[in-house]
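# Fold and contact review
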Amino acid sequence: MPQLAQARRLVVKIGSALLVDGVSGQLREAWLQDLTADIARLRNRGTDVIVVSSGSIALGRGVLEFGAKALSLDEAQAAAAVGQIRLARAYEEYLAPHGITAAQILLTLDDSEDRRRYLNTRATFATLLAQGAVPIVNENDTIATDEIRYGDNDRLAANVAAMAGADQCILLSDVDGLYSANPSQDPSAIHFPMIHDITPEIEAMAGDAGTGLSKGGMKTKLMAARNAMSAGCAMAIAQGAVSAPLAAIEGGARVTWFIPTLDPQDARKRWILGMKPKGSLTLDAGALRALNLGKSLLPAGVHKVSGSFLRGDPVELLGQDGAHIGIGLSRYSADETKIIAGHHSDQIEELLGYPGRAALVHRDDMAL
């Protein structure tokens, strides 16, 4: 069974019902204070932490005096616009005493399906985490329409875990895991501590129970688990309505873990290898030696550029004899690559007229 203490990079999903009082519409400050202390403890022992947090609409609707009525799309987006400010400020205020910088990232489904946006988001996560910050992620409700929405933060959390290369993802919920039936209705329901494969039988056990502020039921959590597992990330469903919920998990609280068969790096490489290249890069001997040492591909090591590709597209990596070396995701278009190929990275701004990333293909975005 996975241990939270062993997490290298952790995504924690927090639902609206945990963060915002359903009656008053106010932030549950004591709970957030305990959670941020949990996060600080994990950060201090070297675990990267990303928070996927609901709550913007729940916080904003009270400020705009919408009451308890069902909101139209326009009203929900207006509430999100107001609530996002308050949500980000709350995390900033409660993380600051621990010496932790909070960062806000707003995403839509498009951002994970478009490879260029995907790479931008992945690079942003990597930079923030390297600087010790804790990214606070939410769906960009102020602009998202149905066709570009995740619709729930369970699946958003799983996608963020895949983007960021997380090895563990915790969905803090109003239930402590997956049961054979709804435990509030069936006292004989069986709890499952570990799931290795989401079978049709497992899916049939999922109900749609949820609180008034929460959109995600067990079905969405199983969908999130499937996405996380395919990215090599272990995911847990855990009870969040307790003080210091992450400490409770480490203390042996009941959860359900979904176990992947691959680690995040292997899962990502398998994903890249399954792509059809849109072009090719022929590398010199020095670049090949660098790749074999686990380094990124720099423009200086590219001898020839073929094909038509955009930033984020897969390209084949070739030796000078035309031998297949691997596949990688290019950080530049074909036209840009042709300009900077054979040149040092510190010349990129001069050649292109704008600053760019030093690596043409980052080591995390290639499979050899």
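Our structure is the block above this text.
Residues numbered from 1 in each chain as written. Predicted model: local features only at pLDDT ≥ 70, side-chain atom pairs only at ≥ 80, totals over all residues. Heavy atoms only, no water.

### Comments concerning the packing of helix 3 (residues 56-63) against helix 4 (residues 73-95)
Contact geometry for helix 3 and helix 4: axes closest at 6 Å, N-to-C directions at 105 degrees. Of the possible angle classes, the one that applies to helix 3 and helix 4 is roughly perpendicular. Mapping the contact onto sequence places Ser56, Ile57, Leu59, Gly60, Arg61 and Val63 in helix 3 and Ala76, Ala79, Ala80, Val82, Gly83, Gln84, Arg86 and Leu87 in helix 4. Grouping the constituent residues of the contact of helix 3 with helix 4 by class yields eight nonpolar, four polar and two charged. (Axes fitted to C-alpha atoms, helices over the stretch in contact; angles between N-to-C directions. Helix = DSSP H or I, 4+ residues; strand = E, 2+ residues; numbered from the N terminus. Parallel < 35°, antiparallel > 145°, perpendicular 65-115°, else oblique. Contact = heavy atoms within 4.5 Å. Nonpolar A, V, L, I, M, F, W, Y, C, P; charged D, E, K, R; others polar.)

### Things to note about helix 9 (residues 218-230)
The terminal C-alpha atoms of helix 9, which comprises 13 residues, lie 18 Å apart, in line with the 18 Å expected from a rise of 1.5 Å per residue. Three or more residues of helix 9 are buried, namely Met218, Thr220, Lys221, Leu222, Ala224, Ala225, Ala228 and Met229. A positive phi of about 80 degrees marks Gly232, the residue just after helix 9. (Expected span 1.5 Å × (residues − 1). Buried < 20%, exposed > 50% of the residue type's maximum accessible area, 1.4 Å probe, protein only.)

### So, the sheet that holds strand 12 (residues 302-307)
Taken in spatial order, the five strands of this open sheet run 12-11-13-14-15, and their pairing is mixed. Edge strands, defined here as strands with exactly one partner in the open sheet, are strand 12 and strand 15 (366-367). Judged from the two bridges that link them, strand 14 (residues 324-329) and strand 15 form a sheet pairing that is antiparallel. The residue of strand 15 that forms the bridge with Gly328 is Met366. (Pairing = 2+ DSSP bridges.)

### Focus: the packing of aromatic side chains
A complete count under the given rule lists one aromatic pair for this structure. Measuring from ring centre to ring centre gives 5.7 Å for Tyr118 and Trp271, while their planes differ by 45 degrees; the resulting arrangement is tilted. Here Trp271 lies in helix 11 (residues 264-273) and Tyr118 lies in helix 6 (residues 115-130), a separation of 153 residues in the sequence. With a relative accessible area of 9%, Tyr118 lands in the buried category. (Phe/Tyr/Trp six-rings, centres within 6.5 Å; stacked < 30°, edge-to-face > 60°.)

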